[in-house]
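Structure at a glance
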Amino acid sequence: MPADERPSPAQYRSIFGSYAFELDPDLNVQAPVLRAALQVWRDACGGKAMPARADIDVLDIPRDVLAHILLIDVEPGPPDRFRWRLIGTHVTSMLGRDSTGGYFDELYSPEAAKVLLTGPRWAMDNRRPVRTLGHASFADKAHIRSENVDMPLSDDGERVSMIFVATLFRIEDED
């Protein structure tokens, strides 16, 4: 999507009134679709601490999981820069937009980007997957709840070059 067609950071802030993510390094993954994505990552490791993007064959990802997959490019800094390489259709349909190709620092306010990168940064720093539970107010009194697994990928076995993410969203009305 061309930059001039993307919503501005102010428009994104109007979509999400507040943000919060809770880290779960113990990986108490609840959603079966996310457990399947985590297994794809583990299988791709092949004895390495982190697989490379090339180690994950799209044909090895169960069909019902594909819509929940996101890829975040990590461009080394300082500061590091993050870009949405791929956003699955589950995410785009739930949020009503597709930010594929967009840089976090161009799409989001600094505060929003910091929160959205809670899981990816943890996975980068610790070089292992982490589960996050997210909550964002959305569209007046509705709330989006998410369960996510952020999994690091490394082309050289040292530096995290990409984050493989699986996400499951639910929209709930506030009573």
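This report concerns the structure included in the present document. (Residues numbered from 1 in each chain as written. Predicted model: local features only at pLDDT ≥ 70, side-chain atom pairs only at ≥ 80, totals over all residues. Heavy atoms only, no water.)

**Examining the environment of tyrosine 103**
Where we set the bar: In DSSP terms, a helix is any run of H or I states spanning at least four residues, a strand is any run of E spanning at least two, and both are numbered starting from the N terminus. Contact criterion: two residues are considered in contact whenever any of their non-hydrogen atoms come within 4.5 Å of each other. Nitrogen and oxygen atoms within 3.5 Å of one another constitute a polar contact, given that in protein one can donate a hydrogen and the other can accept it, and given that sequence-neighbouring residues count only through two side-chain atoms.
Turning to its location among the elements, tyrosine 103 is positioned in the loop between α4 (89-95) and α5 (104-107). With sequence-adjacent residues up to four places away left out, tyrosine 103 is seen in contact with Glu75, Arg81, Phe82 and Arg83. At a separation of 2.8 Å, a polar atom in the side chain of tyrosine 103 contacts the side chain of glutamate 75.

**Some words on the side chain of threonine 92**
Under the convention used in this document: Only protein chains enter the accessibility calculation, which uses a 1.4 Å probe. A residue is then buried if its area is under 20% of the maximum for its type, exposed if over 50%, and partly exposed in between.
Mapped onto the secondary structure, threonine 92 falls in helix α4. For threonine 92, a relative accessible area of 16% translates into the label buried. Those residues in contact with threonine 92 that sit more than four places away from it in its chain are Ile87, Arg97 and Asp98.

**As for the packing of aromatic side chains**
Put simply, the rule reads: Planes of paired rings set the category: under 30 degrees apart is stacked, over 60 is edge-to-face and the rest tilted, where pairs are Phe, Tyr or Trp rings (Trp by its six-membered ring) whose centres lie within 6.5 Å. Each ring is checked for a lysine NZ or an arginine CZ that lies within 6 Å of its centre and within 35 degrees of its normal; such an atom marks a charge sitting over the ring.
Summed over the entire model, instances satisfying the criterion amount to three aromatic pairs. Aromatic pair phenylalanine 104 and tyrosine 108: ring centres 5.4 Å apart, planes at 70°, arrangement edge-to-face. The exposure class of tyrosine 108 is buried, given its relative accessible area of 7%. By way of ring pairs, the aromatic residues Phe82, Trp84, Phe104 and Tyr108 are connected into one cluster. Above the face of the tyrosine 103 ring, arginine 81 is positioned so that its terminal group lies 3.7 Å from the ring centre.

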